[in-house]
Amino acid sequence: MVTFVEETTSVVGDDWDVSDGPGLGKCSRSLGQGGVQYVYAEVRSASADPKADVVAVERHWKELGVTTERYQTGGEDPILGVRGRGGPVSSSDFRADPRGYTIDGSSLCVAGDFDKMSRDTLN
């Protein structure tokens, strides 16, 4: 997950900072069974061309086999972004907000006891 996010950050420039993780997250598997996944996110200031950055991230993810979907919020100054699913990740998001960029990702959900694994990492 870390490699996926960090390779994505390199597509749109330098000066990223970790905002979350890498760490464990809860997820649901088939038949309501709980599981675990890794989550990771980085942030940085926005660039002068968010639209071009969204295109670059989308192209990079498609090369990795990620299915993408662009989005934008409403209003006078919309926030642009692209979501991804599949390939090496369960989900990913690049949010090109004029106040700052965020890239995050979640790994595939696998069998595991989140509470036990969280305690084990603290010991």
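Everything discussed here concerns the structure shown above.
Note that the structure is a prediction, hence the values are computed from the model and not measured.

Rules used in this analysis
Residues numbered from 1 in each chain as written. Predicted model: local features only at pLDDT ≥ 70, side-chain atom pairs only at ≥ 80, totals over all residues. Heavy atoms only, no water. Helix = DSSP H or I, 4+ residues; strand = E, 2+ residues; numbered from the N terminus. Buried < 20%, exposed > 50% of the residue type's maximum accessible area, 1.4 Å probe, protein only. Contact = heavy atoms within 4.5 Å. Areas by Shrake-Rupley, 256 points an atom, 1.4 Å probe, with all protein chains shown as cover. Lys, Arg positive; Asp, Glu negative; His and termini not counted. Charge placed at Lys NZ, Arg CZ, Asp CG, Glu CD. Phe/Tyr/Trp six-rings, centres within 6.5 Å; stacked < 30°, edge-to-face > 60°. Lys NZ or Arg CZ within 6 Å of the ring centre and 35° of its normal. Core = buried A, V, L, I, M, F, W, Y, C linked by side-chain atoms within 4.5 Å. Salt bridge = Lys/Arg side-chain N within 4 Å of Asp/Glu carboxyl O.

Colleague: I would appreciate a short explanation of the overall build of the chain in the present structure.
Modeller: Looking only at helices and strands, the chain features three helices and seven strands. Its helices and strands taken in sequence order, the chain reads α-β-β-α-β-β-β-β-β-α from the N to the C terminus. Projected onto the principal axes, the alpha-carbon positions of the chain cover approximately 45 × 30 × 30 Å. In the chain, which comprises 123 residues, the proportion classed as buried is 36%. Long-range pairs, those at least 24 residues apart, make up 53% of the contacts in the chain between residues at least 6 apart in sequence. By element, 48% of the accessible surface of the chain is carried by carbon and sulfur atoms, the whole surface being about 7200 Å². Here the chain contributes 13 positively and 20 negatively charged side chains, and the mean placements of these two sets differ by 7 Å.

Colleague: Which parts of the structure should I look at to understand the packing of aromatic side chains?
Modeller: Here the distance between the centres and the angle between the planes together describe a pair of aromatic rings. Enumeration over the complete set of coordinates arrives at three aromatic pairs. Measuring from centroid to centroid gives 5.1 Å for F94 and Y101, while their planes differ by 85°, and the two rings are edge-to-face. What makes F94 buried here is its relative accessible area of 0%. Note on Y101: relative accessible area 0%, which makes it buried. One aromatic cluster in this structure is built from W16, F94 and Y101. Sitting over the ring of Y71, R83 keeps its end group 4.0 Å from the ring centre.

Colleague: For this particular structure, what's the right way to read the nonpolar core?
Modeller: Grouped together as the largest cluster of nonpolar side chains are 16 residues, with contacts concentrated most on W61 and F94. Elements represented by at least two residues in this core include exactly α1 (2-11), α2 (50-63), β4 (80-86), β5 (89-97) and β6 (100-106). Here W61 is in contact with F4, T8, V66, T68, V82, R83, G84, S92, D93 and F94, once residues within four sequence places are set aside.

Colleague: Help me out: how do you make sense of the pattern of salt bridges in this one?
Modeller: Pairing between side chains becomes possible if they bear opposite charge and their charged atoms approach one another. A complete count under the given rule lists two salt bridges for this structure. Between E58 and R70 there is a salt bridge, with the nearest N and O atoms lying 2.7 Å from each other. One end of the pair, E58, is in helix α2; the other, R70, is in strand β3 (residues 67-72), and twelve residues separate them in sequence. A relative accessible area of 10% places E58 in the buried class. Here R99 and D97 are joined by a salt bridge, their closest N and O atoms 2.6 Å apart. Judged by its relative accessible area of 7%, D97 is buried.

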